[in-house]
Structures are given as structure tokens and as C-alpha cells.
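A structural walkthrough
Below are the chains, spelled out letter by letter.
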Amino acid sequence: MISSETVSSYLTRLAAKQPTPGGGAAAALHAAQGAALVAMVARYTTGAKYEEHAPLVQRITQAADGLVTEALHLADADEQAFQAVIDAYRLPSGTDESKAARAAGIQSALIQAAETPAQLVRVAGDIVDLATELFDVANANVISDVAAAADAARAAATTARVNIDINVVAVKDPDARALLARQTDGIEEKVVLAADALSARVRERILA
């Protein structure tokens, strides 16, 4: 599982000529790193100097820690979901009955493979929201990591969008396709705009 292996092991598998892990898992790890950076900045924004902001910082820290866990879970889930798609395509199709079973299996697996990155887009949005909340009170010594967190979340959202699209185009049920579209309707665009805006604010603060 990605969540329990070393970075070196994961990268070796990612670079190998094998279908999993792939871009979906990489997107989830972008999100995990973004959330972890938010948590780190929050933990540096503590002590007497930041006492008035303690409730906000504590809430952000706890929320960011939770998003790290959720993103790692989605990295594992994405790898499993894509493997399920591969396995479905390998099902026998020698009879009409087995063809129908294979087709149904493929469709079910494709829908699940699109569900996982759809969840990740929402996680990415939560990370950018937390980073934006933290910006105004964050320890100036680590303010650049707020931008790093936002950019990581942005990468997670845009990569997840591509993974949704590549699975949804093969889904034949129009109702299922519509449902998947509604789950992330407009969220990715908001994440990108918010992340870009936050990164710009960080640079302005650094250069001021």
C-alpha cells in the first residue's frame, strides 16, 4: 500500500512499466503533501506571539492532519480502483453471458475509478481553503510553505480532473456520467483560482 511504503519504493513502482500506481495516486500524494504543509505551518504558528489565534490554528492543524490521512487513503483507493478496471477488461468473453458480465464489470469499475479522483478534487479544495484561512495569521518565517501547499493542492485537483475525464468518457450510462459530473461541478476551477490567488498573495507578502 502506498500509505505504508517508503518514498523510494513508491517512486520505483511509479517509474516501472506497470499500470499502477499512476497519475491518480500521484495526485493524491500531491494533496497529502499540501495538507501536511498546512499542518506544519500551523504548528509553527503557536506560542505567546500567536495566542489570540490559537483556536483557529488548532482547528486548522487538526483539519489538515485529517486531510493527510484522507489523501493517503485515496492514493491507495485509486491504485486499487484502477487495478479493478484492468482486471475487468481481462474477464472472459467467450459466451453471451460472459460478455454481458464483463461489460457490466467494466462499467462498474470505471465508475469507481472516477469516484476516487472526484473525492480528491473536494479534498484539494479543503486544503486550499485551510491554507487561505491560515495565511493572514501564519508565521512569516514559513509563509512560503503556504504557497507550496496551495500549489500542491492545485496540482492534485487538476490531475484528478484528468483522471475523472479519462474514465467518464468510457462510461456508457448517461445518468452515471451526469452524477459524476455533478460531484465536482465547478470545484476544480475554484481550487485553481483560489490556489493561484493565494500563491500570488504569498509572493507579494514575501517581496513587500
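Note that the coordinates shown come from a computational prediction; the quantities given were computed from them, not determined experimentally.

Rules and cut-offs
Residues numbered from 1 in each chain as written. Predicted model: local features only at pLDDT ≥ 70, side-chain atom pairs only at ≥ 80, totals over all residues. Heavy atoms only, no water. UniProt positions renumbered as here; feature names shortened; annotations may be inferred. Helix = DSSP H or I, 4+ residues; strand = E, 2+ residues; numbered from the N terminus. Patch = residues over 30% accessible without salt bridge, like charges linked within 9 Å, V, L, I, M, F, W, Y side chains within 5 Å. Areas by Shrake-Rupley, 256 points an atom, 1.4 Å probe, with all protein chains shown as cover. Salt bridge = Lys/Arg side-chain N within 4 Å of Asp/Glu carboxyl O. Buried < 20%, exposed > 50% of the residue type's maximum accessible area, 1.4 Å probe, protein only.

Taken from the UniProt record, the annotation "domain: Cyclodeaminase/cyclohydrolase" (unreviewed entry) applies to residues 6-183. Across residues 6-183 one finds 80% helix and 0% strand; the C-alpha atoms that close the span lie 32 Å apart.

Attention now moves to a nonpolar patch on the surface. Together, Val7, Leu11 and Leu14 line one region of the surface with nonpolar side chains, adding up to about 260 Å² of accessible area. What makes Val7 exposed here is its relative accessible area of 62%.

It is worth spelling out the environment of Ala101 at this point. Here Ala101 lies in helix H4 (residues 96-135). Relative accessible area serves as the criterion here: at 47%, Ala101 is assigned to the partly exposed category. Between the C-alpha atom of Ala101 and that of Ala138, which follows or precedes it by 37 residues, the distance is 55 Å.

What follows is about the pattern of salt bridges. For the structure on display, the rule yields eight salt bridges. Between Asp136 and Arg201 there is a salt bridge, with the nearest N and O atoms lying 3.0 Å from each other. Of the two residues, Asp136 is situated in the loop between H4 and helix H5 (144-168) and Arg201 in helix H7 (residues 187-207); the sequence distance between them amounts to 65 residues. Residue class for Asp136 comes out exposed when judged on its relative accessible area of 55%. Residue Arg201 is classed as partly exposed on the basis of its relative accessible area of 31%. The closest approach of N and O atoms between Asp165 and Arg161, which form a salt bridge, is 3.3 Å. Of the two residues, Asp165 and Arg161 are both situated in helix H5; the distance of four residues between them amounts to about one turn of the helix. With relative accessibility at 36%, the residue Asp165 sits in the partly exposed group. Given a relative accessible area of 18%, Arg161 falls into the buried group.

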